[in-house]
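The lines below spell out each chain.
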Amino acid sequence: MDTKIKLTSQLKNKDFSIICNNCLGGYIYQYYNIEYRTPTLGLFFLSKDYIKFLENIKFYISGKLEFITVKESIYYDNFKAFEEEINFPIARLEDVEIFFMHYKNKEEVIDKWYRRLNKINWNNLIVIMAENETCDYEVIRKFDSLPFTKKICFTKDEYPDIKSSCCIEEMNKSGAQWTVELITNHFNITNFINN
C-alpha cells in the first residue's frame, strides 16, 4: 500500500483545521495527503503576535489583510540585518503581522488566504505552536492557558508545568527544522488528530 494512502487511512478525522504559527501545519496536511482547511499555511507569526491572534482569532480572521514593506514592520529592527533576504509579502491583520514566506506575491496571498478562510472547521480546530527564537517561557505559558480543546506546543526544552507541551530535543541542534517526521519520533500525531 502506498505510504500516503496508508497514513490517510489511519485518520478517522479528516475534516479538521490546523491553526499554526509556522509551516508545520502545512507539513501535517501534506504528510497525510489531505485537503488544506486553513489559511495559516506557508507563513509564520512572531510568537507574541501569534498569541494575540489566538486570543481573539475570530476577530482577526474576519479582518482585511493590509500589506506592508519590511521597513513598515514593527519588527524591522529584528530584520534589518537580513532585510534584502525578505522578498516575500508581509501583511497586517489589525495589529498582528504575518510573514508569508512561501508566497510569490500579494495576489497569491489574497487568493489563498481568503479561499481557505471559508474552509475552516470551527468545530474541529487543532491549534499548534512550534517554539521559535521569538518564544520565551511567558509566551509558552500563555499558549498553554488558551481555551482550545485540542492544542499542542512543540518545544525545544522540557516544561513539566506546561500541560500542552511536547519536547522535541533535537530542535536544539544548530540548523534543525520542524518536520512531521521528527515530531513523530516523540509524539503520535495520528492519535492526537483522531482523539
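See the structure printed just above.
Keep in mind that this is a model prediction, so the values were computed, not measured.

K.L.:
Which residues make up helix 7 (residues 137-145), and what values go with them?
P.N.:
What helix 7 keeps buried is the set Val139, Ile140, Phe143 and Asp144. Considered in projection along helix 7, the buried side chains sweep an arc of 140° and stay on one side of the axis. At the N-terminal boundary of helix 7, the capping side chain belongs to aspartate 136, with an oxygen 3.2 Å from the backbone nitrogen of glutamate 138.

K.L.:
How would you explain the pairing of strand 6 (residues 151-155) if you had to name every residue and give the values?
P.N.:
The buried fraction of strand 6 is high, at 5 of 5 residues. Residues of strand 6 alternate between two faces, with Lys151, Cys153 and Thr155 on one and Ile152 and Phe154 on the opposite face, all of them buried. Across 4 bridges, strand 5 (residues 125-130) lies against strand 6 in parallel orientation. Of the residues in strand 6, the one forming a bridge with valine 127 is lysine 151. Viewed along the sheet, the connection from strand 5 through helix 7 into strand 6 turns out right-handed. Strand direction decides the pairing type here: strand 6 and strand 7 (residues 165-167), joined by 3 bridges, are parallel. Within the sheet, the bridge partner assigned to cysteine 153 lies in strand 7 and is serine 165.

K.L.:
Requested: an account of the sheet that holds strand 3 (residues 90-93), with residues and values cited.
P.N.:
The antiparallel open sheet is built from 3 strands, whose spatial order is 2-3-4. Bordering the open sheet on either side are strand 2 (66-68) and strand 4 (96-99), each of which pairs with just one other strand. When the angles between neighbouring strand axes are averaged without regard to direction, this sheet yields 35°. Two elements, strand 3 and strand 4, share 4 bridges in a ladder whose sense is antiparallel. Along strand 4, the bridge assignment pairs arginine 92 with glutamate 97.

K.L.:
Requested: an account of the nonpolar core, with residues and values cited.
P.N.:
Phe53, Leu54 and Phe154 are the most contacted members of the largest nonpolar core, which has 60 residues in total. Examining the composition of this core, we find that 6 residues originate from one element, strand 5, more than from any other. Contact partners of phenylalanine 154, with chain neighbours within four places excluded, come to Leu24, Ile128, Met129, Ala130, Glu131, Cys166, Ile168, Trp178, Ile183 and Phe187.

K.L.:
Residue-level account of the side chain of glutamate 108, with values.
P.N.:
By the secondary structure assignment, glutamate 108 is in helix 6 (residues 106-117). Reaching out from glutamate 108, the side chain makes a polar contact with the side chain of lysine 112 at a distance of 2.9 Å.

K.L.:
Describe in detail the packing of aromatic side chains, supporting the description with residues and values.
P.N.:
Tallying each qualifying case throughout the model produces 16 aromatic pairs. Summarising the aromatic geometry, the rings of phenylalanine 59 and tyrosine 60 are spaced 5.1 Å apart at their centres and angled 70° between planes, so their arrangement reads as edge-to-face. Relative accessible area serves as the criterion here: at 40%, phenylalanine 59 is assigned to the partly exposed category. Note on tyrosine 60: relative accessible area 5%, which makes it buried. Through pairs of rings, three or more aromatic residues link up here, namely Phe45, Tyr50, Phe53, Phe59 and Tyr60. Positioned above the aromatic ring of tryptophan 122, the side-chain terminus of lysine 58 is 4.8 Å from the ring centre.

K.L.:
So, the sheet that holds strand 6: which residues are in play, and what are the values?
P.N.:
Spatially, 4 strands are ordered 1-5-6-7 in an open sheet, and the strand pairing comes out parallel. Here the strands that pair on one side only, and so sit at the sheet edges, are strand 1 (17-20) and strand 7. Sheet twist, expressed as the average angle between the axes of neighbouring strands with direction ignored, equals 25°. Contacts from helix 2 (residues 24-32) reach strand 1, strand 5 and strand 6, with the element oriented near 150° to strand 1. Running at roughly 165° to strand 5, helix 3 (residues 47-55) makes contact with strand 1 and strand 5 of the sheet.

About the thresholds
- Residues numbered from 1 in each chain as written.
- Predicted model: local features only at pLDDT ≥ 70, side-chain atom pairs only at ≥ 80, totals over all residues.
- Heavy atoms only, no water.
- Buried < 20%, exposed > 50% of the residue type's maximum accessible area, 1.4 Å probe, protein only.
- Helix = DSSP H or I, 4+ residues; strand = E, 2+ residues; numbered from the N terminus.
- Arc of directions from axis to C-beta.
- Polar contact = N/O pair within 3.5 Å; in protein donor to acceptor, adjacent residues only side chain to side chain.
- Pairing = 2+ DSSP bridges.
- Right-handed = clockwise from strand over helix to strand, strands pointing away.
- Axes fitted to C-alpha atoms, helices over the stretch in contact; angles between N-to-C directions.
- Core = buried A, V, L, I, M, F, W, Y, C linked by side-chain atoms within 4.5 Å.
- Contact = heavy atoms within 4.5 Å.
- Phe/Tyr/Trp six-rings, centres within 6.5 Å; stacked < 30°, edge-to-face > 60°.
- Lys NZ or Arg CZ within 6 Å of the ring centre and 35° of its normal.

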